[in-house]
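Chains, contacts and geometry: an overview
The primary structure of each chain is shown beneath.
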Amino acid sequence: MRMSHMFGRTLREAPADAEIPSHQLMVRAAMIRPLGAGLYSLLPLGLRVIRKVEQVVREEMDAIGGQEMLMPVVHPSDIWERSGRFFEVGPEMTRLKDRGDRDLVLAMTHEEVVTDLVSTEVNSYRQLPQIVYHIQTKWRDEPRSRGGLIRVREFTMKDSYTLDTDAEALDTGYEKHAVAYDRIFTRIGLDFIKVGADVGMMGGSKSEEFMAFSPNGEDTLFICPNGDYAANREVAEFRRDDPAPEDLLPVEEVETPDTDTIAKLAELLDIPLSRTAKAVFYIGESGRFIFAVIRGDLDVNETALRQATGEATLTPATADQIRAIGAEPGYGSPVGVEGAVIVVDESIRQSPNLVAGANRPGYHLRNVNLGRDYEADIVTSFASAWEGAPCPVCNAPMKLERGIEVGNIFQLGTRYTEKMGATYLDKDGKAQPVVMGSYGIGIGRNAAAVVEQRHDERGIVWPISIAPYHVSLLSLGKEAEVIEATDRLFAELEAAGVEVLYDDRADRPGVKFTDAELIGNPIRLSISKRTLGAGEVELRLRTETDSEMVPADEVVGRVTGIMADLFAELDPDSGA
RNA sequence: CGGGGUGUGGCGCAGUCGGUAGCGCGCGGCGUUUGGGACGCUGAGGUCGGAGGUUCGAGUCCUCUCACCCCGACCA
């Protein structure tokens, strides 16, 4: 490609509304342009990156037996009604009508279409297992898009689906995906980790996320320094030590004026936070009052609490709602309340003789004990982990990291196939629901994550696997012999299968160097009157600050050799 | 949806007390330059986000509205 005719210009300054590096650099480097909130055009340079990410994904999906297909972006709403998600998913899914007043939805994912296809295409256990996938547009009307390509509303996603006869076979397909994903993210040069995750709106039983490390990531991860455990904050567990057993002491009311927070209470009574029981009040989506009880030194993980209660949303209760069940804001305890679902964290069960509210202003109770003084409807774990929390496996203090979710894998089970009647006949001729898994990779987000991890003050430092071009070729000077020599090298490189972005513009050298570094192709070649006089070409890697002079007739071989080395560095089979 | 912020030429910005819109970069032409974002001359390009209002007069004041960004809520 000759830069003199490339569509899209580089920008000297980033748009004022771009804050994170990947957003700024991809706009400046003429890869993306904003159209609206969460909507981006891909310019030719950016599209090349996206296509390369897609191709890596495609190769690895094919390698585990995936069959590529393509499903529509617009769906008739009835399949979503049959799965139930038409009613479960909120405004994130866009609904529209066609000219015949028929209800349609814009696809935010494709479980429904796959399941619908399965019901007609799969009839026998002999056809299973299967892996199908497509790489296609998704529309999710996010409440808030952000960060360039990190979180957008319209985006390209690879979604694949495993179809199996039983849970054991599902494990196999799931594990194949875990391996394929490892290879994909390695090949595109990401520094990443697989963590345990919440199943969210996808439902199902098991889910893990692949997280690219980045301070600009939206997720918080807890990671064991010994590699024994890694989880999204939403589901992160930690080791809970059993406190020394104590005899249960009698309940005793204590006057605590103006002590409406746990911190004040602990100070007033001169006890550690861990000797108090904290009450947190929510109203669930069903309208039930959710009364969460947790040890005073811990915080509620609302995702875990939603899971435990089966409530899709939890809204903090108002003071009036709290009083309506017989509790008192600031002085609440589960002792004597009525009409609430009492959910107790494990920390409480393990801790005897805690201080809790007396459900009247200015008073608390000492020596409150679960089972003696009140009963729980649910006892489970819903405490948030924290930086330094003990690893649930080895007890080492966990590190807190930020990550960008670049892929996720879900075991769906029969959630969709049962509802939509996607069955196969087993060996006994009996109809059984197909067991499904669902696996996603956001293509554009991956490209952005790579930029977040691989850039410097001058621009992007692409890994060769997804760089827009392998080589930036610069002609320095307008002398005819320089132009001719650069034209010739351009042709030779292309003939050798090297992808070249040829900066043939009439600009000064500084402009070309700067743009080459901004765009970030891995190999830079420069030809000028000076190099020509010595019969050489200057070669510099984007990752290096020193150049190398290469005899003109060795350049193509040298470049292809470097390319092979660069690809090898990203090769998951090389053991590097 | 709550909180904060910004809308002036392609990008970055200025615009005082209300007086008829300017700077840098970029872009076209000519000339001089050519190894780290050159210089001179010259030229093109703006419904000042939109609507309404106040006023002799609005980029500027008032009202409404739209869009975008950031934090939170939410989120496969």
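Bear in mind that the values here come from a model prediction, so they are computed numbers and not experimental data.

This brings us to the overall build of chain A. Scanning chain A from N- to C-terminus turns up 16 helices and 31 strands. With the C-alpha coordinates aligned to their principal axes, the bounding extent of chain A is approximately 95 × 65 × 50 Å. Classification of the 576 residues of chain A by burial places 51% in the buried group. Long-range contacts, defined here as pairs at least 24 residues apart, represent 70% of the contacts in chain A between residues at least 6 apart. By element, 49% of the accessible surface of chain A is carried by carbon and sulfur atoms, the whole surface being about 25,800 Å². Of the charged side chains in chain A, 62 are positive and 94 negative, and the gap between their average positions amounts to 5 Å.

For the rest of this paragraph, the subject is empty space enclosed by the protein. The tally for this structure, following the rule as stated, stands at one cavity of 30 Å³ or more. Its boundaries defined by the atoms lining it, the largest cavity holds a volume of some 40 Å³. In terms of lining, the largest cavity is formed by Ala277, Ile348, Ser351, Leu354, Ala356, Val368, Asn369, Leu370 and Tyr374. Among the residues forming the lining of the largest cavity, the class breakdown is seven nonpolar, two polar and no charged.

In this section: the sheet that holds strand β31 (residues 548-551). Overall, mixed pairing links the five strands, which are arranged β28-β27-β29-β30-β31 in an open sheet. With one partner strand each, in any of the chains shown, β28 (500-503) and β31 form the two edges of the open sheet. Pairs of neighbouring strands in the sheet enclose a mean axial angle of 25°, with direction left out of account. With six bridges joining them, strand β27 (residues 471-476) and strand β29 (residues 523-528) adopt parallel strand pairing. What sits directly across from leucine 473, in β29, is leucine 525.

Moving on, we come to the layout of surface pockets. Quantified by volume, the second largest pocket comes out at close to 360 Å³. In terms of lining residues, the second largest pocket is bounded by 15 residues, among which Arg9, Thr10, Arg505, Val511 and Asp515 are the most central. For the lining of the second largest pocket, the element with the most residues is helix α14 (residues 509-519), which contributes four residues. Across the lining of the second largest pocket, the residue classes break down as five nonpolar, four polar and six charged.

Tracing the chain through its elements places aspartate 159 in strand β8 (residues 154-164). For aspartate 159, a relative accessible area of 1% translates into the label buried. Within the structure, aspartate 159 has its side chain in polar contact with the side chain of histidine 134 (distance 3.0 Å). Side-chain polar atoms of aspartate 159 contact the side chain of tyrosine 161, separated by 2.5 Å. The residues touching aspartate 159, leaving out its near neighbours within four places in the chain, are His110, Val132, Tyr133, His134, Lys138, Tyr439 and Gly440.

Next up on the list: the sheet that holds strand β13 (residues 252-255). Here we have three strands laid out as an open sheet, ordered β13-β19-β18, and antiparallel in their pairing. If you trace the sheet from one side to the other, it starts and ends with β13 and β18 (354-357), each paired once. Here the average twist between neighbouring strands, direction ignored, is 35°. When β13 meets strand β19 (residues 363-368), the two strands line up antiparallel, connected through four bridges. Bridge assignment links glutamate 252 to a residue of β19, and that residue is arginine 366.

This paragraph deals with the packing of helix α13 (residues 480-495) against helix α16 (residues 555-569). Where α13 meets α16, the axes come as close as 10 Å, and the angle between the chain directions of the two elements is 45°. Considered as vectors, α13 and α16 are oriented oblique to each other. Relative to α16, the crossing made by α13 is right-handed. When α13 is examined against α16, the residues Leu489, Glu492 and Leu493 are found in contact with a partner set consisting of Val555, Val556 and Val559. Here the residues of the contact of α13 with α16 sort into five nonpolar, no polar and one charged.

This brings us to the protein's contact with RNA strand B. The local shell around RNA strand B holds 45 residues, among which Arg140, Arg144, Arg151, Phe410 and Glu538 are the closest. Here, RNA strand B places atoms within 4 Å of the protein, and 53% of those atoms are sugar or phosphate. Lysine 478 is positioned such that a nitrogen or oxygen atom in its side chain is 2.9 Å from a base oxygen of RNA strand B. Contact between RNA strand B and serine 528: a base oxygen at 2.5 Å from a side-chain N or O atom of the residue. Contributing elements (two or more residues each) for the surface near RNA strand B: β8, β21 (399-413), α14, β29, α15 (529-533) and β30 (536-541). At seven residues, α14 tops the list of elements feeding residues into the surface near RNA strand B. For the surface near RNA strand B, the class distribution of residues is 14 nonpolar, nine polar and 22 charged.

In the case of a regular strand, side chains alternate between the two sheet surfaces. Extensive coverage of strand β10 (residues 206-213) is indicated by the burial of six of its eight residues. Bridge count for strand β9 (residues 192-196) against β10 is five bridges, and the pairing is antiparallel. Looking at β10, one finds that lysine 194 is bridged to phenylalanine 210. Both β10 and β21 contribute to a ladder of eight bridges, which runs antiparallel. Following the sheet pairing, glutamate 209 is matched in β21 by asparagine 408.

Judged by how many residues are buried, β27 sits mostly within the fold: six of six residues are covered. Sheet topology note: the β27/β28 ladder contains four bridges and is parallel. Looking at β28, one finds that serine 472 is bridged to leucine 501. Where the polypeptide runs from β27 across α13 and back to β28, its parallel neighbour, the crossover connection is right-handed.

The next thing to look at is a negative patch on the surface. A contiguous patch of negative charge, built from Asp166, Glu168, Asp171 and Glu175, is present on the exposed surface. With respect to the element layout, aspartate 171 can be found in helix α6 (residues 167-187). Residue aspartate 171 is classed as partly exposed on the basis of its relative accessible area, which comes to 40%.

All right, on to the packing of aromatic side chains then. According to the stated counting rule, one finds 11 aromatic pairs in the structure shown. Arranged with centres 5.5 Å apart and planes meeting at 45°, the rings of phenylalanine 185 and phenylalanine 210 form a pair that is tilted. Here phenylalanine 210 lies in strand β10 and phenylalanine 185 lies in helix α6, a separation of 25 residues in the sequence. Residue phenylalanine 185 shares its accessibility class with phenylalanine 210, and that shared class is buried. Ring centres of phenylalanine 281 and phenylalanine 291 lie 4.9 Å apart, and the angle between their planes is 90°; on these two criteria the pair is classed as edge-to-face. Of this pair, phenylalanine 281 sits in strand β14 (residues 277-284) while phenylalanine 291 sits in strand β15 (residues 289-295), placing them 10 residues apart in sequence. Taken individually, phenylalanine 281 and phenylalanine 291 each receive the classification buried, so the pair is uniform in this respect. Feature note: the residues Tyr181, Phe185, Phe192 and Phe210 constitute an aromatic cluster, connected by ring pairs. Directly above the aromatic system of tyrosine 469 lies the positively charged group of arginine 48, at a separation of 3.9 Å from the ring centroid.

Reading the values: the criteria
- Residues numbered from 1 in each chain as written.
- Chains lettered and ligands numbered in written order.
- Predicted model: local features only at pLDDT ≥ 70, side-chain atom pairs only at ≥ 80, totals over all residues.
- Heavy atoms only, no water.
- Helix = DSSP H or I, 4+ residues; strand = E, 2+ residues; numbered from the N terminus.
- Buried < 20%, exposed > 50% of the residue type's maximum accessible area, 1.4 Å probe, protein only.
- Contact = heavy atoms within 4.5 Å.
- Areas by Shrake-Rupley, 256 points an atom, 1.4 Å probe, with all protein chains shown as cover.
- Lys, Arg positive; Asp, Glu negative; His and termini not counted.
- Charge placed at Lys NZ, Arg CZ, Asp CG, Glu CD.
- 1 Å grid on protein atoms, 1.4 Å probe; cavity = no way out; pocket = protein on both sides within 12 Å on 5 of 7 lines; lining within 4 Å.
- Points joined across faces, edges and corners; volume = space filled by probe spheres on them.
- Nonpolar A, V, L, I, M, F, W, Y, C, P; charged D, E, K, R; others polar.
- Pairing = 2+ DSSP bridges.
- Axes fitted to C-alpha atoms, helices over the stretch in contact; angles between N-to-C directions.
- Polar contact = N/O pair within 3.5 Å; in protein donor to acceptor, adjacent residues only side chain to side chain.
- Parallel < 35°, antiparallel > 145°, perpendicular 65-115°, else oblique.
- Left-handed = near helix turned anticlockwise from the far one by under 90°.
- Near = heavy atom within 4 Å.
- Right-handed = clockwise from strand over helix to strand, strands pointing away.
- Patch = residues over 30% accessible without salt bridge, like charges linked within 9 Å, V, L, I, M, F, W, Y side chains within 5 Å.
- Salt bridge = Lys/Arg side-chain N within 4 Å of Asp/Glu carboxyl O.
- Phe/Tyr/Trp six-rings, centres within 6.5 Å; stacked < 30°, edge-to-face > 60°.
- Lys NZ or Arg CZ within 6 Å of the ring centre and 35° of its normal.

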